[in-house]
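For reference, the chains in residue letters:
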Amino acid sequence: PYEMDGWEINRQNTSNSWQLGTPSSYYVPNFSTINPSSIYSLIIRYDDRTAQNEEVLSPVFTATSSTRIRFYAAFDGVYSMYAPLTVEIEEQQSEKKPTEIFNSFMWSQENPHERHKWLKFELDLSAYDQKSVRVIFRYKGIGGDYVFIDDFSVIESATGEDAKATINEGETISFIDMSEGNPTSWEWTFTGGEPATS
């Protein structure tokens, strides 16, 4: 489905790996309760008998000093001990192994939370300024629990008149009104855009 356009799934476990589905089948609310346009979520079932090392890889993008990634996930912090959800960054022009920047079990040690509830995460990628990277969601271990992911996006935090952001075709961005006083009308200018003003 279109929700996975440009993404890759590397399956090691032939029975239980990443797939698209509806979380309500697993006692988690469908993500459409948060984002009505979401049809499916990324889901992985745990395996008690065969090890899993399942990857989901994002399309490649160029990070900047203000790049962050945002996603929602639902997992059980207790069983993450056996098979955590990790987020890794893979540099495209490097021989280095991907760098882990998030681990659901480690996060759970400091952040008590309800089991299998949608949680929003934002991770800073400023350390990868001007590098071509991709994000890897990995589920590795044996005997963990269900994990759910949805609403992944790359965010550019830019402020000021000279602020710039890279926006790929098909992506959306949000603008924040920072007007002072009590304005009654606004004009937005998008140089080179269609339309050029709003």
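Scroll up a little and you will see the structure.
This structure is a prediction, so every number in the text was calculated from the model and none was measured. (Residues numbered from 1 in each chain as written. Predicted model: local features only at pLDDT ≥ 70, side-chain atom pairs only at ≥ 80, totals over all residues. Heavy atoms only, no water.)

J.: Can you tell me about the pattern of salt bridges, naming the residues and giving the values?
T.: Pairing is possible between side chains that carry opposite charge, provided their charged atoms lie close to one another. Under the definition given, this model contains 8 salt bridges. The partner of Arg138 in a salt bridge is Glu88, with the nearest N and O atoms 2.7 Å apart. Note that Arg138 is positioned in strand 10 (residues 132–141) and Glu88 in strand 7 (residues 85–91), a separation of 50 residues in sequence. Glu88 sits in the buried class, given a relative accessible area of 9%. Lys96 is paired through a salt bridge with Glu91; the nearest N and O atoms lie 3.2 Å apart. Residues participating in the shared-partner salt-bridge network are Glu8, Glu90 and Arg134. (Salt bridge = Lys/Arg side-chain N within 4 Å of Asp/Glu carboxyl O. Helix = DSSP H or I, 4+ residues; strand = E, 2+ residues; numbered from the N terminus. Buried < 20%, exposed > 50% of the residue type's maximum accessible area, 1.4 Å probe, protein only.)

J.: Give me the lowdown on the nonpolar core, citing residues and values where you can.
T.: Within the largest apolar cluster, 27 residues are counted, with the highest numbers of intra-cluster contacts made by Trp18, Val87 and Phe137. Of all elements in the fold, only strand 3 (41–44), strand 6 (67–74), strand 7, strand 9 (119–124), strand 10 and strand 11 (147–156) reach the threshold of two or more residues within this core. Core analysis: the second largest hydrophobic core is formed by 8 residues, Val28, Ile43, Tyr72 and Trp118 among them. (Core = buried A, V, L, I, M, F, W, Y, C linked by side-chain atoms within 4.5 Å.)

J.: Outline the packing of aromatic side chains, supporting the account with residue identities and numerical values.
T.: This model, assessed by the stated rule, comprises 17 aromatic pairs. Ring centres of Trp7 and Phe137 lie 6.4 Å apart, and the angle between their planes is 25°; on these two criteria the pair is classed as stacked. Within this pair, whereas Trp7 is found in the segment before strand 1 (8–10), its partner Phe137 is found in strand 10, the two being separated by 130 residues in sequence. Using a relative accessible area of 1% as the deciding quantity, one classes Phe137 as buried. Ring centres 6.5 Å apart and planes at 80° place the aromatic pair Trp18 and Tyr139 in the edge-to-face group. Highlighted residues: Trp18 in the loop between strand 1 and strand 2 (19–21) and Tyr139 in strand 10, separated in sequence by 121 residues. By the burial criterion, Trp18 is buried, and Tyr139 matches it. Clustering of aromatic rings is evident, with ring pairs tying together Trp7, Phe71, Phe75, Phe102, Trp107, Phe121, Phe137 and Phe152. (Phe/Tyr/Trp six-rings, centres within 6.5 Å; stacked < 30°, edge-to-face > 60°.)

J.: Quick one: what's the story with the environment of Ser17, residue by residue and with numbers?
T.: One can find Ser17 in the loop between strand 1 and strand 2. Taking the C-alpha atoms as reference points, Ser17 and Gln52, 35 residues apart in sequence, are found 7.6 Å from one another. Contacts of Ser17, omitting those with residues within four sequence positions, involve Ile9, Asn10, Arg11, Ile43, Ile44 and Glu54. Separated by 2.7 Å, the side chains of Ser17 and Glu54 make a polar contact. (Contact = heavy atoms within 4.5 Å. Polar contact = N/O pair within 3.5 Å; in protein donor to acceptor, adjacent residues only side chain to side chain.)

J.: For the sheet that holds strand 11, give the residues involved together with the corresponding values.
T.: The strand order 2-3-11-6-9 describes an open sheet built from 5 strands, whose pairing is antiparallel. Edge positions in the sheet fall to strand 2 and strand 9, since each has one partner strand and no second. Going across the sheet, the axis of each strand differs from the next one's by a mean of 35°, ignoring polarity. Where strand 6 lies against strand 9, 6 bridges are found, and the strand directions are antiparallel. Bridging across to strand 9, Arg70 finds its partner in Glu122. (Pairing = 2+ DSSP bridges. Axes fitted to C-alpha atoms, helices over the stretch in contact; angles between N-to-C directions.)

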